[in-house]
Every structure is written in structure tokens, then in C-alpha cells.
Amino acid sequence: LPTLRLFTVLLEQGLARASHMGRSIGVLVADLHQFRPLPTSVITPNISLIVRVQAARIKSALPSNHTVARIGDRRFAILIENVVAREEIDTLAQNIYRTMSLPLMIEGQEVLLTCQIGGAMYASAGASGETLLSQAVKSLALATSENPIRFSDSLAPAPSTSSIVMHSSGSESILR
């Protein structure tokens, strides 16, 4: 998978294409959580192997034209280009969440884990890739176990947890 540095370059190129074509672009950031074998297990699972399997799962949950990058030990970024409607990104985030939340059988152990996803979308020229990725990470920071997917359509500063509500206009919302 691409690294953060390459992902940032690809994101800038994607923003330029989106601006030229008059399309929207989205970024999702998925963070793996709760690596734990079932209580009967005595051996610690191979975390590196789990992360590689989860990377393959993310790619399998997406159409092949989207870019997936590993941007941290347990963090992935997904570039979604040519977005026509926000619902496309919502659906992809939900697919990724469901796929990554499935139990894994690693080295004879069933491992349970969860993920949280933050996202941001931009439909106008002038945004930098760094700003868009930063907004997705800020949305991720607001994700909880009860609401594991958070999304922001704007590039405004991330709202406080108490101010996040579902808006029909879609400026900021919680995916369900």
C-alpha cells in the first residue's frame, strides 16, 4: 500500500482532477481498535499480519478505482474520487466498517476487533490535500464505539462533540 507521503501526492492530484472536472472528492480514515483474541487464547496474535489482512479487507470493500494507503501503524486512508453524491461515501464507509469488524482467524486464533472511521468531503477548488486529510482525522477523533463513523462535508474546524447533530443539509453528520 502507498504510505502517507505518496497518499498526500495522490490526494493533491485527485483534488486537481476534481477541480478540473467539477466533481467532489472524499477522504476516509479508518483506525483499527480493540485487538484482542478470544478469552480462551493464551498466545498474542501477530499484529502485523492482522493489519495486512485488514488492508486487504478494505481494498475488497471498495471499487478498484479508489486508493487505499497505510498512514500509521493501525490507520488507513482512502481516497474517493469522482463523487456524485455524498451517499456514495456513506455507503463505502459502512461497507468498510462491516468488513473490518468481521472476526479474523489468525494463526489458529479467532481475533475480534473493531474500527472507527472519519471522513471529509470537498466539492470546490482551493482546498489542499493536507487540509482535507486533516479534517478526516479530526472527524475520526470524534468517533466513538456507539457512533464509529463520523463525517464532515466542510473544511471548517472540527466541531465539539456536543455540537454534532444530524443535519438534513449535510454540513456535518454522523453516519449510521
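Just so you know, these numbers come straight off a predicted model, no measurement behind them. Starting afresh in each chain, residues are numbered from 1 along the sequence in its written order. Residue-level local features of this predicted model are given only where pLDDT is at least 70; pairs of side-chain atoms are given and counted only at 80 or more, and the full residue set underlies all totals for whole chains, interfaces and linings. As a rule here, side-chain values cover all heavy atoms of the structure and leave hydrogens and water aside.

1. Considerations on the confidence of the model for the protein
Any region with low pLDDT has predicted coordinates that should not be read closely.
Thinking step 1. Confidence along the protein averages 79 in pLDDT terms, with 77% of residues attaining 70 or more.
Thinking step 2. The secondary-structure element of the protein with the lowest mean pLDDT is strand β7 (residues 172-174), recorded at 30, while strand β2 (residues 67-70) shows the highest, at 94.
Thinking step 3. Within the model, pLDDT remains below 50 along residues 155-176, and this stretch shows 43 contacts once partners closer than five positions in the same chain are excluded. Looking at any residue, its pLDDT shows the predictor's confidence there, from 0 to 100. Secondary structure elements are defined from DSSP: runs of H or I of at least 4 residues count as helices, runs of E of at least 2 residues count as strands, and each element is numbered from the N terminus. Throughout, a residue-residue contact means that at least one pair of heavy atoms, one from each residue, lies within 4.5 Å.

2. As for the nonpolar core
Thinking step 1. Core analysis: the biggest nonpolar cluster contains 28 residues, and Leu28, Ile58, Ile78, Ile96 and Ile117 have the highest contact counts within it.
Thinking step 2. Mapped by element, the contributors of at least two residues to this core are β1 (24-37), α2 (47-60), β3 (75-83), α3 (86-100), β4 (104-106), β5 (109-122) and β6 (149-152).
Thinking step 3. Those residues in contact with Ile58 that sit more than four places away from it in its chain are Val68, Phe76, Ile78, Ile96 and Met100.
Thinking step 4. Listed in part, the 18 residues of the second largest apolar core include Ile25, Tyr122, Leu132 and Leu133. By nonpolar core we mean a set of buried residues, namely Ala, Val, Leu, Ile, Met, Phe, Trp, Tyr and Cys, connected to one another through side-chain atoms within 4.5 Å. Accessibility here uses a 1.4 Å probe with only protein chains present; expressed as a share of the type maximum, an area under 20% marks a residue as buried, one over 50% as exposed, and anything in between as partly exposed.

3. Let's talk about the pattern of salt bridges
Thinking step 1. Salt bridge, as applied in this entry: a Lys or Arg side-chain nitrogen positioned within 4 Å of an Asp or Glu carboxyl oxygen. Under the defined criterion, the tally for this structure stands at three salt bridges.
Thinking step 2. In this structure, Arg17 engages Glu81 in a salt bridge whose closest nitrogen and oxygen atoms are separated by 2.8 Å. Of this pair, Arg17 sits in helix α1 (residues 4-21) while Glu81 sits in strand β3, and the two are 64 residues apart along the sequence.
Thinking step 3. Classification of Arg17 by relative accessible area gives partly exposed; the value is 36%.

4. Observations regarding α1
Thinking step 1. Compared with the 26 Å implied by 1.5 Å per residue over 18 residues, the 25 Å span of α1 between its first and last C-alpha is a close match.
Thinking step 2. Of the residues making up α1, those classed as buried are Phe7, Leu11, Gly14, Leu15 and Ala18. Axial view of α1: buried residues confined to an arc of 105°, hence all on one face. In α1, those exposed residues whose orientation departs by more than 90 degrees from the buried face are Arg5 and His20.
Thinking step 3. Backbone geometry just after α1 places Gly22 at a positive phi near 70°. What a helix should span is 1.5 Å times the count of its residues minus one. In this context, the arc is that of the directions from the helix axis out to the C-beta atoms.

5. A short note on the packing of α2 against α3
Thinking step 1. All axes are obtained by fitting lines to C-alpha atoms, using only the stretch in contact for helices, and the reported angles, taken between N-to-C directions, cover 0 to 180 degrees. Packing of α2 against α3 leaves a shortest axis separation of 9 Å and a crossing angle of 145°. Relative to α3, the crossing made by α2 is right-handed. Judged by residue contacts, Gln54, Arg57, Ile58 and Ser60 of α2 engage Ile96, Thr99 and Met100 from α3.
Thinking step 2. Ten residues, namely Ala, Val, Leu, Ile, Met, Phe, Trp, Tyr, Cys and Pro, are considered nonpolar, four, namely Asp, Glu, Lys and Arg, are considered charged, and the remaining ones, Gly among them, are considered polar. Split by residue class, the contact of α2 with α3 holds three nonpolar, three polar and one charged. Note on convention: near helix rotated counterclockwise from far helix by under a right angle means a left-handed crossing. Clockwise means right-handed.

6. Some remarks on the pairing of β5
Thinking step 1. For β5, the tally of buried residues reaches 11 of 14 residues, placing the bulk of the element in the interior.
Thinking step 2. As paired elements, β4 and β5 share three bridges and run antiparallel to each other. Residue pairing in the sheet places Leu104 in a bridge with Val111 of β5.
Thinking step 3. Following DSSP output, two strands are said to pair if at least two bridges run between them. Where β4 hands over to β5, the hairpin turn is made up of two residues, of which Glu107 adopts a positive phi near 50°.

7. A few points about unusual backbone geometry
Thinking step 1. Phi angles above zero are rare outside glycine, and Asn82 is one such case at about 55°.
Thinking step 2. By the element assignment, Asn82 lies in strand β3.
Thinking step 3. By relative accessible area, Asn82 is classed as partly exposed at 35%.

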